[in-house]
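Given next are the chains, with one letter for each unit.
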There are 2 protein chains.
Amino acid sequence: MLAVFGHQNPDTDAMTAALVYARLLQRQGVDAQAYRLGEPNFETAFVLREAGLEAPPLLEALPAGSPVALVDHNESAQSLAGLHELTVTRVVDHHKLGDLTTTQPAYLRFEPVGCTGTLLLKLFREAGLDVEPLDARLMLSAILSDTLHFRSPTTTPEDRDAVGFLAPVAGIEDVEAYALAMFAAKSDLGDTPAETLLRMDYKVFPFGDPAAPQQWGLGVIETTNPGYVFGRQAELLRAMDAVKAEDTLNGVLLSVVDILNETNRTLVLSATEEKVLREAFGVEAHDHVADLGARISRKKQVVPALEAYFSAQG
Amino acid sequence: MLAVFGHQNPDTDAMTAALVYARLLQRQGVDAQAYRLGEPNFETAFVLREAGLEAPPLLEALPAGSPVALVDHNESAQSLAGLHELTVTRVVDHHKLGDLTTTQPAYLRFEPVGCTGTLLLKLFREAGLDVEPLDARLMLSAILSDTLHFRSPTTTPEDRDAVGFLAPVAGIEDVEAYALAMFAAKSDLGDTPAETLLRMDYKVFPFGDPAAPQQWGLGVIETTNPGYVFGRQAELLRAMDAVKAEDTLNGVLLSVVDILNETNRTLVLSATEEKVLREAFGVEAHDHVADLGARISRKKQVVPALEAYFSAQG
């Protein structure tokens, strides 16, 4: 049995890509099963509820040598613990290639598109398979989520074309309204503990010298209601401090992305992070908040700048 | 300009894949140029001559940051020197994934098929482009070469289907006769110096602990005339000894593959290599020759066994 899963702290793309890719592989005769590496966030829970689906089972470990398919990620730090002891036979991803290796030739499909869902649609087409309404709904939701309904600079023409194709198949007439409902669900954070908020869309990146990298934890909260998040600033800073110690990080940042206004104001824990933001982005933090302007994409606008900065420290 | 190239010590697949992929990308509006990282072997020279083509220019270095597309390889040890300072934007390959990383999301296309040419044909089809006779001839030649005309255990149904499709497009009526002519050209080694023979189809593999790997140089001579090669055994062993010192290797092997009889008799330099072959394959060397039986694929039958052996040494 081939276990298919997205990254830790799954977002809508990670969760739906596992479901859709497993279903696609099953139709191709592969004994595939979707899993998740964490709890669905509020947006993903909304998407699954609207689709009438349960979240796939939580995966905590697999025996060494088990075959696995990774979607929406490839770096071991974002994957199942002990990934290097598993047999990666397939990867479908749209991120830069990190520390992944395979012990045998494998199926790897990476393209610089805005969403794994866009790539999965290509796989359906290349296989000559019709897209069922459920799969269409899941891929559509992932693309709207990852591209913030085309607001993110990661958006490509292929993502737009995919949504144009998928919406009628999914039976979603008003894509704008559906996207806003997704974003509203995502923003309805209620009394979620601060550390949960921080870790909801959170990835650890190694920067600089690969032999002795700096480890930075980068969280993002995409919301239509940034006022709510900044109302909990003190709590969030305490959670960042705790996570920095727990994960033995060199730095931690939490970007609060205002989806509708397309801005990024980032919470900055200490003088260490302040210095890096000043030198990498030319911005000053005030009262633990740095205005990163329209840099709303961690992948395309934040990580590359930090990577370049730390590489230059050599 | 995007530089497209295959591995060092290029074989027919590495050379033709660079030519074909550059031509495909050009038709898609990419300013691509094919290069080679070494001299064509006798088989490849035959294929190019029959196609009425010159070999692409030799590439020795590129400025840091230059965009590159890799075909038929992905490991830095087999690529252009300084690969980690270049920007890999595309890879089309059918080998296991090694130490490749990318700084940005890229186009990566890996499938466990017998030949890069088989994958390139898929790319033509997915792009909706007709295959021109020249491209068909080059892809066909690569598949016959890499699979030893379907004799190798790396052969997949897709490789066979590709040849079936490509032969009429290329205008090659008698595929069997064309393959035999390729193998005869490859076997006509003349007075090639022994070290050149050793390095013709030669790759260095890191085995065991990734932090401190053993480096093994594995050469292959595929020939319809093994008697010629064993007639030069003493010279070849001296060349292996020299290469082992030059490349500071832990071990060096030279497999002589009899294409038509599908056997592998491997030249073994010293007691170090003898011990590893005994423990990894259960075979004894006699007079510096170990009979590896039907293990004619370095990629599928030799490297995985060595990898498993050295990993188990812990």
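Computed from a predicted model, the values in this text were never measured in an experiment.

Conventions we followed
Residue numbering note: each chain is counted from 1, following its sequence as written. Written order determines the labels here, with chains lettered from A and ligands numbered from 1. The model is predicted, so local features are restricted to residues of pLDDT at least 70 and side-chain atom pairs to those at 80 or more, both for listing and for counting; the totals for chains, interfaces and linings are taken over all residues. For side-chain calculations, the full set of non-hydrogen atoms in the structure is used, while hydrogens and water are omitted. The criterion used for residue contact is that any of the two residues' heavy atoms lie within 4.5 Å. When two components associate, each loses some accessible surface as probed by a 1.4 Å sphere; the sum of these losses over both components is called the buried area. Any Lys or Arg side-chain nitrogen located within 4 Å of an Asp or Glu carboxyl oxygen qualifies as a salt bridge. For this analysis, a polar contact is any N or O atom pair within 3.5 Å, provided that within protein one partner can donate a hydrogen and the other can accept it, and provided that sequence-adjacent residues contribute only side-chain to side-chain pairs. Counting from the N terminus, the helices are DSSP H or I runs at least four residues long and the strands are E runs at least two residues long. Note that Gly is not counted as nonpolar here; it falls among the polar residues with everything else outside the nonpolar set of Ala, Val, Leu, Ile, Met, Phe, Trp, Tyr, Cys and Pro and the charged set of Asp, Glu, Lys and Arg. We call two strands paired when DSSP finds no fewer than two bridges between them. Throughout the structure description, domain borders are defined by an automatic or database domain assignment. Using a 1.4 Å probe on the protein chains alone, a residue whose accessible area is under 20% of its type maximum counts as buried, one over 50% counts as exposed, and one in between counts as partly exposed. The atoms used to superpose the copies are C-alpha atoms, taken from residues with pLDDT of at least 70 in both, and the fit is least squares. Relevant arc is that of directions from the helix axis to the C-beta atoms, nothing else.

(A) Representation of the interface of chain B and chain A within the structure. Contact with chain B, which involves 22 residues of that partner, is made by 22 residues of chain A. In this assembly, chain B packs against chain A so that about 2000 Å² is buried in total across both faces, 60% of it on carbon and sulfur atoms. Counting the surface chain B buries against chain A, the share from its top three residues, L97(B), P105(B) and L108(B), is 29%. Counting across the interface, chain B meets chain A through 2 salt bridges. The shortest N-O distance in the salt bridge between E126(B) and R109(A) comes to 3.9 Å. Where chain B packs against chain A, one counts 4 residue pairs in polar contact (both at pLDDT 80 or more). Looking at the side of chain B that touches chain A, the elements with two or more residues in it are β5 (107-110) and α11 (298-313) of chain B. No other element matches the 4 residues that β5(B) contributes to the side of chain B that touches chain A. Looking at side-chain class alone, the side of chain B that touches chain A contains 9 nonpolar, 7 polar and 6 charged residues. With 3 bridges connecting them, strand β5 (residues 107-110) of chain A and β5(B) associate as antiparallel partners. Bridge assignment links L108(A) to a residue of β5(B), and that residue is F110(B).

(B) Structural context of the domain arrangement of chain A. Residue and element names in this part refer to chain A. Domains assigned within chain A are domain 1 (2-185) and domain 2 (194-312). Spacing between the C-alpha centres of domain 1 and domain 2 amounts to 25 Å. Listed per partner, the contact involves 20 residues of domain 1 and 20 residues of domain 2. The junction of domain 1 with domain 2 conceals about 1700 Å² of combined surface from both sides, 60% of it contributed by carbon and sulfur atoms. Looking only at domain 1, the three residues that lose the most surface to domain 2 are N9, L148 and R151, adding up to 31% of its buried area. Applying the counting rule to domain 1 against domain 2 returns 3 residue pairs in polar contact (both at pLDDT 80 or more). The leading source of residues in the side of domain 1 that touches domain 2 is helix α6 (residues 175-187), at 3 residues. The class makeup of the residues in the side of domain 1 that touches domain 2 is 8 nonpolar, 9 polar and 3 charged.

(C) Looking closely at helix α3 (residues 116-126) of chain A. All names here are of chain A. Across the 11 residues that make up α3, a large majority, 8, are buried. Every buried residue of α3 is accounted for by T116, G117, T118, L119, L120, L121, L123 and F124. Buried positions along α3 lie against α1 (12-27), β4 (87-93), β5, α4 (133-146) and α5 (157-170).

(D) A look at the relation of the copies chain B and chain A. For the pair chain B and chain A, the best superposition has an RMSD of 0.0 Å and corresponds to a rotation of 180° with a translation of 0.0 Å parallel to the axis. Classification of the inter-copy transformation places it as that of a two-fold axis. Taking C-alpha positions as reference, the residue of chain B nearest the rotation axis is R109(B), located at 2.6 Å. A shared binding surface is used by both copies, with 100% of the interface residues of chain B retained as interface residues in chain A.

(E) View of the environment of Y178(B). All names here are of chain B. Relative to the helices and strands, Y178 resides in helix α6 (residues 175-187). Sequence-wise, Y178 and V47 are 131 residues apart; in three dimensions their C-alpha atoms are separated by 9.7 Å. When neighbours within four sequence positions are excluded, Y178 is seen to be in contact with F46, V47, R137, S141, L144 and I172.

(F) Expanded view of helix α10 (residues 271-281) of chain A. Residues and elements named next belong to chain A. Of the positions making up α10, those classed as buried are E273, V276, L277 and F281. Buried residues in α10, looked at end-on, bunch into an arc of 100°, giving them a common side. Residues of α10 that are buried in the fold lie against β7 (214-223), α9 (233-246), β8 (251-258), β9 (263-268), β11 (289-291) and α11 (298-313). Residue G282 follows α10 closely and has a positive phi angle near 70°.

(G) Inspection of the side chain of K203(A) at higher detail. Looking at where K203(A) falls in the secondary structure, it is placed in strand β6 (residues 202-207). The contacts of K203(A), once residues within four sequence positions are left out, are H7(A), Q78(A), H95(A), W216(A), G217(A), L218(A) and R298(A).

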